[in-house]
Amino acid sequence: YVAIDLENLPQLPAGSKYCQYRGIPAMCGPRGLRGAGDALFHNNGDGTFTDVSRSAGVADEKEYYGLGAVWGDYDNDGDPDLYVANDALPNYLYRNEGNGKFTEIGLSAGVAVDEDGKEQASMGVDFGDYDGASSRRGTISAGPRGFLIPTTTATWTSTWSMGMSILRSIGIP
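What comes next is a walk through the structure. It should be emphasised that the depicted structure is a prediction, and the values quoted were computed from it without experimental measurement.

Turning our eyes to something else, we now look at the sheet that holds strand E8 (residues 102–104). Sheet strands associate in pairs through backbone hydrogen bonding, adopting either a parallel or an antiparallel arrangement. Here we have 4 strands laid out as an open sheet, ordered E5-E6-E7-E8, and antiparallel in their pairing. With one partner strand each, in any of the chains shown, strand E5 (66–72) and E8 form the two edges of the open sheet. Neighbour to neighbour, the strand axes of the sheet diverge by 20 degrees on average, direction disregarded.

Positioned with a positive phi, Glu63 is a non-glycine residue whose angle comes to about 55 degrees. Here Glu63 is to be found in the loop between helix H1 (53–56) and E5. Of the residues examined, Glu63 reaches a relative accessible area of 34% and is grouped as partly exposed. Positive phi is not limited to glycine here, since Ala88 has a value of about 65 degrees. Judged by its relative accessible area of 16%, Ala88 falls in the buried class.

Think of a pair of aromatic rings as described by two things: how far the centres are apart, and how the planes are tilted against each other in angle. Applying the stated rule across the entire model yields 3 aromatic pairs. Both rings, one in Tyr92 and one in Tyr94, keep their centres 5.3 Å apart while their planes meet at 40 degrees; by these two values the pair is tilted. For the pair Tyr92 and Tyr94, a shared accessibility class is recorded, and that class is buried. Here the aromatic cluster, defined as three or more aromatic residues joined through ring pairs, consists of Tyr64, Tyr92 and Tyr94.

Criteria and thresholds
Residues numbered from 1 in each chain as written. Predicted model: local features only at pLDDT ≥ 70, side-chain atom pairs only at ≥ 80, totals over all residues. Heavy atoms only, no water. Pairing = 2+ DSSP bridges. Helix = DSSP H or I, 4+ residues; strand = E, 2+ residues; numbered from the N terminus. Axes fitted to C-alpha atoms, helices over the stretch in contact; angles between N-to-C directions. Buried < 20%, exposed > 50% of the residue type's maximum accessible area, 1.4 Å probe, protein only. Phe/Tyr/Trp six-rings, centres within 6.5 Å; stacked < 30°, edge-to-face > 60°.

Next up, the structure:
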């Protein structure tokens, strides 16, 4: 999906030919660009789909920069929950209530922002059982902090070094 208005292009910072990241020219990021809401479709079973984004509570009325989504049962209640990775804005974790509705709990679960309260550059996301225990074990995000590791049944902590140790323990350098 690309939305561009040639009459109203994003502007670079005043006096700069490029945006800078730690002194290196870089893409300016999504700020100033228009985001888009998220969509969830129900399969009607007859080759058609119904948009249930609003009724399910996952429409993203703020129109963040959603770049990745993954389903996983983060709380081990048997219902698939939805995690949405947003670039440069808080991430969403939608807890499945089991009745076609979802509740956004990213901040209280510790995945919306990092431990300093800063948004992440989350772009890709995966949900996995890193130790073979067949239960909720971790969400891996492409943000600067790397891995989100469960600390309780309801909260997560962000830790790059622990995530790298987990990958090494399963044979990934």
